[in-house]
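Analysis of the macromolecular model
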Amino acid sequence: MDDVRDPGPNKEFDNTPPAPGDLELVRAFLSIHDHVPVTEDSLPPSHETIEWWLREQGLLEPRAEASDEDLDWAADVLEALRARVFENMGAERDPATIATLDAAAADVGLAPRFGAEGLVPRSDGVRGAVGQIIAVAFLAELDGSWSRFKECGDPTCRSVFYDRSKNRSGKWCVMAECGNRAKVRAYRERERAKA
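Residues numbered from 1 in each chain as written. Predicted model: local features only at pLDDT ≥ 70, side-chain atom pairs only at ≥ 80, totals over all residues. Heavy atoms only, no water.

What follows deals with the packing of aromatic side chains. To describe a pair of aromatic rings, you give the distance between the ring centres and the angle between the ring planes. Here the structure, examined in full by the defined rule, presents three aromatic pairs. Ring centres of F29 and W53 lie 5.5 Å apart, and the angle between their planes is 45°; on these two criteria the pair is classed as tilted. One end of the pair, F29, is in helix α1 (residues 23-31); the other, W53, is in helix α2 (residues 47-56), and 24 residues separate them in sequence. Summarising the burial analysis for this pair, F29 and W53 share the class buried. Centre to centre, the rings of W146 and F149 are 5.1 Å apart; their planes meet at 70°, and the pair counts as edge-to-face. For the pair W146 and F149, a shared accessibility class is recorded, and that class is buried. Aromatic rings pair up to connect W146, F149 and Y162 into one cluster. (Phe/Tyr/Trp six-rings, centres within 6.5 Å; stacked < 30°, edge-to-face > 60°. Helix = DSSP H or I, 4+ residues; strand = E, 2+ residues; numbered from the N terminus. Buried < 20%, exposed > 50% of the residue type's maximum accessible area, 1.4 Å probe, protein only.)

Put into structure tokens, the structure is as follows:
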């Protein structure tokens, strides 16, 4: 099946409730996506969408170059971080994913800076921009806040959300949207089964 996408990036941010502090940058990065036209289905983001998002966030300067190689690298990092989110939902840890993220952190030269700076990438451009996201994700893993990231339970949605529920039982990025669609689908399936 052909990978048919909207002609450009989805230029609206998702309306998933924000994660606390710097974690929102990571959550929003993990949630960027493209759409299949005339459906609600989400696809991994194109190079254009990744570049647009990095510029919109102010992580990538307006005139900074964004090569296909760097954007491929950014897409690989994004998917590796998403794989770590799936671990929070019960998936097995994948050593290849860890190796990808370790290599990416080394590639951008993450270095600790005491004081307010924290972990800072030595690279600039696309790699430096994504390096800032890797730094926040790494620190979140250390303090345990990473474990609250989940992917929305709607199979057409790629949004990642920060599960604020006490028992970590959240399923939907936005209950009024994805949760409601799931309830409607389940109702229709029950009705079809009765017929």
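Moving on, we come to unusual backbone geometry. Both trends apply: most residues other than glycine have a negative phi, and most peptide bonds are in trans. A positive phi angle, near 55°, is found at R168, a position not held by glycine. Checked against the element boundaries, R168 lands in the loop between β6 (160-162) and α6 (175-194).

A cluster of nonpolar residues, F138, L139 and L142, forms a patch on the protein surface that exposes about 300 Å² of accessible area. Mapped onto the fold, L142 is located in helix α5 (residues 125-143). (Patch = residues over 30% accessible without salt bridge, like charges linked within 9 Å, V, L, I, M, F, W, Y side chains within 5 Å. Areas by Shrake-Rupley, 256 points an atom, 1.4 Å probe, with all protein chains shown as cover. Salt bridge = Lys/Arg side-chain N within 4 Å of Asp/Glu carboxyl O.)

A separate point is helix α3 (residues 68-88). If you check α3, its first and last C-alpha atoms are 31 Å apart, about what 21 residues at 1.5 Å a residue would give, namely 30 Å. Taken together, the buried positions of α3 are occupied by D70, L71, W73, A74, V77, L78, A80, L81, R82, R84, V85 and E87. Among the structural elements, α1, α2, α4 (95-108), α5, β5 (149-151) and β6 are those in contact with the buried residues of α3. A positive phi of about 110° marks G90, the residue just after α3. (Expected span 1.5 Å × (residues − 1). Contact = heavy atoms within 4.5 Å.)

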